[in-house]
Amino acid sequence: MVPVLHLRTALFCVLFLAFGAIVAQANGFQETLRSALAKAERSEPGITEFYRARNFEAIWVGNKNRARRAGLVRALRSGGAHGLPVGTYGISELETALKARDISSSVQAELKASVAFVTYARDLNSGVLRPSRVDREIALRPAVLSAKALLEYAVKTNPKQIASGLKPKSETYAALLREKEALERVIGRGGYGPTVKAKKIEPGDSGAAVQALRTRLNALGYKAGSGSTYDASLQKALKRFQTASGLNPDGVAGKATLNAVNMSAEEKLRRVVANMERERWLPNARGKRHIYVNIADALVTVYDNGRPTFTSKTVVGKDVKDQRTPEFSDEMAYMVINPTWHVPASIAGKEYLPILKTDPGFLSRRNMKLLNRDGQQVSAAAVDFSQYGETNFPYLIKQRPDPANALGLVKFMFPNRYNIYLHDTPSKSLFNRDYRAFSHGCVRVAKPFEFAYHLLARQTSNPEKFFQSKLATKQETYVNLKEPVPIYITYHTALRAQDGSIRYRADVYGRDAKIFKALTGAGVRLQSRGS
């Protein structure tokens, strides 16, 4: 019989040798990983920094990391639900690589997994595309997390929740996710039915086009009844649809209304995917109070603690080069009451110079003055305007504070390189249009005084009295906001309504089309599903 002591000694020796083998294998993995990263450090230094900080210990391969790598694969496969380029993540190749057992192959699997995760995480968190590369007028700058920060997140988070912690937190993004899934089912069922073929439909009309309009509205969820005659039930449904679509609810199906009614489920899905990308470009924390200008909807809204507290129609830039309103974010710092309009050189040379060549008195009738480059006023009657063209006009034009001033009686400033701001306007009729893209790029506000009162309410007990007292002086007055307010000028053609549904707007500038084209080029693919 072997003594118990000898058995224990033998068992200890076996365990020691096994532990030594494990340690040796771990050390071999770490040294091999160190060497591999040294060769690849230039391509992604953040990954090397992450592994160096943890002494090159694995986070994906090995038995103890089984749950994390399973969570990674699930997350990568779920990318399609977010409109991400799943095919670029190399999921099948990664799964095969993760089955490796030898040190060299395990190291390659570890690196492959980390690269896949960082790529996926950035796509989901800050966007697949860089905005300005899609369109130079999209100047949003999403914050891109470092590879080190993302891998640290992967280590700390629950493997089953890797995706949920990275996606945008906004209610809009959640609503777009739901809409995407719903549209995929609509497409799987064959869409909304035939389009409405007519130039205009109004009460009293009848025929196939009226029947098609009713069928289409019913398919879209508006209870329009039945029949081929335009009756009260159809009119009521159409007005609800127009209101939801940001159109004047006049009950007449004109060009804008029919364009909205005829938008296919496929087109809506493209819009949703493009707008999900837009949401990824915006920060999760947008400020307890922030201002949101949606160019596509031509609305400005103030949000307090995530809820709208003020809204107004706007007029935005024309769909013309150098007049389209750009997308960017900044901070509104002050307002100017009774503003002077410093006419941009492009407008002075292109629009006013041709008038001055035949009518030098035009400026004085508009309460404007002509200045030389030294700031001295010049008599327009003494200038030979015929010698100047659009590109060499050497004068400055200013319009004095006045109710007829192009800026109206107040402007809201957030100094930026695009010279874009919000302002009042004497041209009120444009706010009644369905499409309100008529400015030179700045944003005209339909309710400027109410907007000013709302902004001033946090710093004065009687904002209306304060504002009106400054206005009554008829002198240009600067009023600083004690707390600058973040402002986001963006362009959502698929937007979340208060009831959580998604409403669609026209892609006036064609920007969403550019985004979706770029997403397709990056590998994003649409899908449909059974009902």
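Let us look at the structure shown here.

What counts, and where the lines are drawn
- Residues numbered from 1 in each chain as written.
- Predicted model: local features only at pLDDT ≥ 70, side-chain atom pairs only at ≥ 80, totals over all residues.
- Heavy atoms only, no water.
- Pairing = 2+ DSSP bridges.
- Helix = DSSP H or I, 4+ residues; strand = E, 2+ residues; numbered from the N terminus.
- Axes fitted to C-alpha atoms, helices over the stretch in contact; angles between N-to-C directions.
- Parallel < 35°, antiparallel > 145°, perpendicular 65-115°, else oblique.
- Left-handed = near helix turned anticlockwise from the far one by under 90°.
- Contact = heavy atoms within 4.5 Å.
- Nonpolar A, V, L, I, M, F, W, Y, C, P; charged D, E, K, R; others polar.
- Expected span 1.5 Å × (residues − 1).
- Buried < 20%, exposed > 50% of the residue type's maximum accessible area, 1.4 Å probe, protein only.
- Core = buried A, V, L, I, M, F, W, Y, C linked by side-chain atoms within 4.5 Å.

Here we come to the pairing of strand S4 (residues 328-337). The sheet contact formed by S4 and strand S13 (residues 477-490) spans 9 bridges and is antiparallel. The residue of S13 that forms the bridge with Met 335 is Val 479. Sheet topology places S4 next to strand S9 (residues 410-413); 4 bridges connect them, and they run antiparallel. The residue of S9 that forms the bridge with Val 336 is Lys 411.

In this section: the packing of helix H2 (residues 45-53) against helix H7 (residues 147-156). Between two packed helices, what matters for the description is the angle formed by their axes and the separation of those axes. Contact pair H2 / H7: the axes reach a minimum separation of 7 Å and the direction vectors enclose 45°. Between H2 and H7, the angle is such that the two are oblique. At the point where H2 passes H7, the crossing takes the right-handed sense. Counted together, Gly 46, Ile 47, Glu 49 and Phe 50 of H2 and Ala 147, Lys 148, Leu 151, Glu 152 and Val 155 of H7 form the full contact between these two elements. Tallied by class, the residues present in the contact of H2 with H7 amount to 5 nonpolar, 1 polar and 3 charged.

Taking 1.5 Å as the rise per residue, helix H8 (residues 171-188) with 18 residues should run 26 Å; its terminal C-alpha atoms sit 26 Å apart, in good agreement. Of the positions making up H8, those classed as buried are Thr 172, Tyr 173, Ala 175, Leu 176, Leu 177, Glu 179, Lys 180, Leu 183, Glu 184, Val 186 and Ile 187. Where H8 is buried, its residues meet helix H5 (103-126), helix H12 (265-281), strand S14 (494-496) and strand S15 (502-504). Directly beyond the C-terminal end of H8, a positive phi value near 105° is found at Gly 190.

With that settled, the discussion passes to the side chain of Ser 245. Checked against the element boundaries, Ser 245 lands in the loop between helix H10 (232-244) and helix H11 (255-261). Overall, Ser 245 belongs to the buried group, its relative accessible area being 10%. In this structure Ser 245 touches Ala 260, Tyr 504 and Arg 505, once residues within four positions along its chain are discounted.

In this section: the environment of Pro 339. For Pro 339, the location among the structural elements is in the loop between S4 and strand S5 (341-342). Judged by its relative accessible area of 0%, Pro 339 is buried. Sequence separation of Pro 339 and Val 410 is 71 residues, and the distance between their C-alpha atoms is 6.0 Å. When sequence neighbours within four positions are dropped, the list of residues in contact with Pro 339 reads Gln 399, Arg 400, Pro 401, Asn 405, Leu 407, Gly 408, Leu 409, Val 410, Lys 411 and Glu 476.

The 4 strands are arranged S5-S8-S6-S7 in an open sheet whose pairing can be described as antiparallel. Since the sheet does not close on itself, it has two edges, and those belong to S5 and strand S7 (377-378), each with one partner. Pairing between S5 and strand S8 (residues 396-399): 2 bridges, direction antiparallel. Of the residues in S8, the one forming a bridge with Trp 341 is Gln 399. With respect to the sheet, helix H13 (residues 345-358) is in contact with S5, strand S6 (368-371) and S8, its orientation differing from that of S8 by roughly 85°.

So, on to the nonpolar core. Of all hydrophobic cores here, the largest spans 91 residues; its most connected members are Tyr 51, Trp 60, Phe 117, Tyr 120, Leu 213 and Leu 217. Here the element with the most residues in this core is H5; it accounts for 10 residues. Counting residues in each nonpolar core, the second largest holds 60 residues, with Val 302, Phe 412, Met 413 and Ala 437 among its members.

Everything listed is a geometric property; what it means functionally is a separate question.
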